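For reference, the chains in residue letters:
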Amino acid sequence: MSTQQNVSAAPDFRAMGAGLTDQLGALRRELHQIPELGFDLPRTKSRLLQEFTGMPVEIREFDGWSAFVVIVRGDRPGPVVLVRGDMDALPVREDSGEDFASTGDSMHACGHDMHMAALVGAVKMIAYHRAALAGSVMFMFQPAEETAGGARRMLDEGLLDLAGERPVAAWGVHEMPYPAGTVHVRVGAQMASNCQLVATFHGRGGHGSAPHTAIDPVPAVLDFGQQLQTLVTREFSVFDPVVCTVTQLGAGKMYNVIHDQASLGATIRAVSKDTTDRFGERARQIAELVGRIHRCEVDASFRVNCPATVNDPRAARVALDTARRLFGPDRVVEMSQPVMASEDFSYVLDEVPGAFLFVGALPDGVDPVGAPQLHSPQARYNSRILGDQAALLSALAWTGELPPA
């Protein structure tokens, strides 16, 4: 017997969201002015918990850091569904021009203030209709998304068992610099993995005027950087893309010295586990070979900070159908290509079938072409969409179990 909710009997979440828009916008502005970094977000957590005072919800806190979960239990039997929002900011000094801009050295440049406000709205809507809810909804308030550590830590500390049984579906939403109120979903990989490659070549130092008496590691680093670009274009399919960007080079401070070591750092993005793993293996092999050619010893490491964010095909279809039903087909885009940025909700989707969605949040009158991107000091987001975003999260939570494959 299916435990999926009766979609036709779902509450009118969009109308409820419209009624909450101003309230959620005010909350978002408060949260925007108290940005906090990493795992410890005391002011943010305290302000959010105030929203649930007196509500028929259960709060589950995590020892030693700011993660917490809000559980709404329905009066009807059914499964557990997880809905997530992230809470941390970035170490970016704001230059947005907003009258509620943060004034310190950190900023909600990635829209997490929007995510929190919308998630609060979804808690309120689901709690209001708990008598008709079949099952329970876990609302995951996560620190440390920007460092790719928060979701993994919550999972390791028992997140999926907090409601008494494991969730059958998981949903997350992220603001993007797309037209306000549009919803963007891809079947399969929505976002890329985030990997770090570091290679240090050890030679023998000497005087810059006599390179033949030394073992210069700089040519080895330069050679390796070129080999990485060849690796991308000659060993990996353009239909399973990988991006390798060398972002760090180092070889000492003196211009007339051959230093005894030189290093390279790069960020790697891929949209499948096979490509991620294979690139790391080949990069280490090539580093060793380049080192031998240049007579250098090599230390090379490849670390997966978080895997690709891959939407379950059933969940992606549910998300597309739900968004079209709420907002009409003109506001919903089925993406043809993934975004090569990364997101640690991927760890949740590795364990629970679900989907990650994008919601357009450009301010009114801003052209998407040339608009400030995520993480920019000039990034701005449109509070007008918060009611619809909360409605979307509520509607996804209401769907219950995913349909059969």
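All values derive from a computational prediction rather than experimental measurement. Numbers given for residues are sequential positions, taken from 1 along each chain in its written order. It should be noted that, the model being predicted, local features are given only for residues of pLDDT at least 70 and side-chain atom pairs only at 80 or more, the latter also being counted only at that level, while totals for whole chains, interfaces and linings use all residues. Computation of side-chain values covers all heavy atoms of the structure but excludes hydrogens and water.

Looking now at the nonpolar core. In this text, buried Ala, Val, Leu, Ile, Met, Phe, Trp, Tyr and Cys residues form a nonpolar core when linked through side-chain atoms within 4.5 Å. To sort residues, take the accessible area from a 1.4 Å probe on protein chains only and compare it with the maximum for the residue type: under 20% means buried, over 50% means exposed, and anything in between is partly exposed. In terms of nonpolar packing, the biggest core is built from 67 residues, with Ile126, Phe139, Phe141, Trp171, Leu357 and Leu392 touching the most fellow members. Under the DSSP-based scheme used, a helix requires at least four consecutive residues in state H or I and a strand at least two consecutive residues in state E, with every element numbered from the N terminus. The element that contributes the greatest number of residues to this core is helix H3 (residues 112–128), accounting for 11 residues. In what follows, a contact means two residues having at least one pair of non-hydrogen atoms within 4.5 Å. Those residues in contact with phenylalanine 139 that sit more than four places away from it in its chain are Phe68, Val69, Val70, Val72, Val83, Leu119, Ala122, Val123 and Ile126.

Note on terminology: disulfide describes a covalent bond linking the sulfur atoms of two cysteines. Cysteine sulfur atoms that come within 2.5 Å of each other are treated as a disulfide pair. All chains considered together, the criterion is met by 0 disulfides. Between cysteine 244, a cysteine without a disulfide, and cysteine 195, which holds the nearest cysteine sulfur, the sulfur-to-sulfur distance is 10 Å.

This part is about unusual backbone geometry. Although it is not a glycine, alanine 148 adopts a positive phi angle of roughly 60°. Within the fold, alanine 148 resides in the loop between strand S4 (134–142) and helix H4 (150–156). Positioned with a positive phi, arginine 295 is a non-glycine residue whose angle comes to about 65°. Along the polypeptide, arginine 295 turns up in the loop between helix H6 (273–293) and strand S13 (297–306).

We now examine the packing of aromatic side chains. What counts as a ring pair is set by centres within 6.5 Å for rings of Phe, Tyr and Trp (its six-membered ring), and what kind of pair is set by the plane angle: stacked under 30 degrees, edge-to-face over 60, tilted for all other angles. Counting across every chain of the model gives 11 aromatic pairs. Arranged with centres 5.9 Å apart and planes meeting at 70°, the rings of phenylalanine 62 and tryptophan 65 form a pair that is edge-to-face. Every member of this aromatic cluster is reached through a ring pair, and the members are Tyr178, Phe345, Phe356 and Phe358. Here, a charge over a ring is recorded when the distance from Lys NZ or Arg CZ to the ring centre is within 6 Å and its angle to the ring normal is within 35 degrees. Over the aromatic face of tryptophan 65 sits the side chain of arginine 153, whose NZ or CZ is 4.2 Å from the ring centroid. Stacked on the ring of phenylalanine 327, the Lys or Arg arginine 331 has its end atom at 4.3 Å from the ring centre.

Bringing the UniProt feature "domain: Peptidase M20 dimerisation" (unreviewed entry) in the protein into the picture now. UniProt positions are given in the numbering used here, feature names are shortened, and annotations may be inferred rather than shown by experiment. Look at the UniProt record and you will see "domain: Peptidase M20 dimerisation" (unreviewed entry) annotated at residues 198–288. Between the first and last C-alpha atoms of residues 198–288 the distance is 13 Å; the span itself is 37% helix and 31% strand.

With that settled, consider the pattern of salt bridges. Criterion for a salt bridge: a side-chain nitrogen of Lys or Arg within 4 Å of a carboxyl oxygen of Asp or Glu. Taken as a whole and judged by the stated rule, the model has 26 salt bridges. The salt bridge partner of aspartate 274 is arginine 278, with a shortest N-O separation of 3.8 Å. You can see aspartate 274 and its partner arginine 278 sitting in helix H6, 4 residues apart, about one turn around the helix. By relative accessible area, arginine 278 is classed as partly exposed at 31%.

Attention shifts here to the packing of H3 against helix H9 (residues 386–398). For helices, the fitted axis covers only the stretch in contact; all axes are lines through C-alpha atoms, and the angles between them, taken along N-to-C directions, range from 0 to 180 degrees. Axis separation between H3 and H9 bottoms out at 8 Å; the angle between their running directions is 55°. Classified by the angle between their axes, H3 and H9 sit oblique to one another. Like other packed secondary-structure pairs, H3 and H9 cross with a definite hand, here right-handed. For the pair formed by H3 and H9, the contact residues are Met114, His115, Ala117, Ala118, Leu119, Gly121, Ala122, Met125 and Ile126 on the first element and Leu386, Gly387, Gln389, Ala390, Ala391, Leu393, Ser394, Ala397 and Trp398 on the second. Note that the term roughly parallel is reserved for angles under 35 degrees, roughly antiparallel for angles over 145, roughly perpendicular for angles of 65 to 115, and oblique for everything else. Crossing handedness is defined as follows: a turn of the near helix away from the far one that is anticlockwise and smaller than a right angle gives a left-handed crossing, while the clockwise case is right-handed.

Glancing now at the domain arrangement of the protein. When the domains of the protein are assigned, the result is domain 1 (13–191 + 308–399) and domain 2 (193–306). The gap between the C-alpha centroids of domain 1 and domain 2 is 37 Å. A per-residue breakdown of the area domain 1 buries against domain 2 is headed by Ala308, Met340 and Ser342, which together make up 60% of the total. Between domain 1 and domain 2 we count 0 salt bridges in total. The set of elements that each furnish at least two residues to the side of domain 1 that touches domain 2 consists of strand S7 (188–191) and helix H8 (346–351). Either an automatic procedure or a domain database provided the assignment from which the domain bounds are taken. Using a 1.4 Å probe, buried area is obtained as the accessible area two parts lose upon being combined, added over both of them.

The next subject is helix H7 (residues 313–327). Side chains three or four residues apart in an α-helix point the same way, a direct result of the helix having 3.6 residues per turn. Residue count minus one, scaled by 1.5 Å, sets the expected span of a helix. The first and last C-alpha atoms of H7 sit 21 Å apart over 15 residues, in line with the 21 Å expected at 1.5 Å per residue. Within H7 the residues assigned to the buried category are Ala315, Ala316, Val318, Ala319, Leu320, Thr322, Ala323, Leu326 and Phe327. Positive phi appears at glycine 328, one or two residues downstream of H7, with a value of about 90°.

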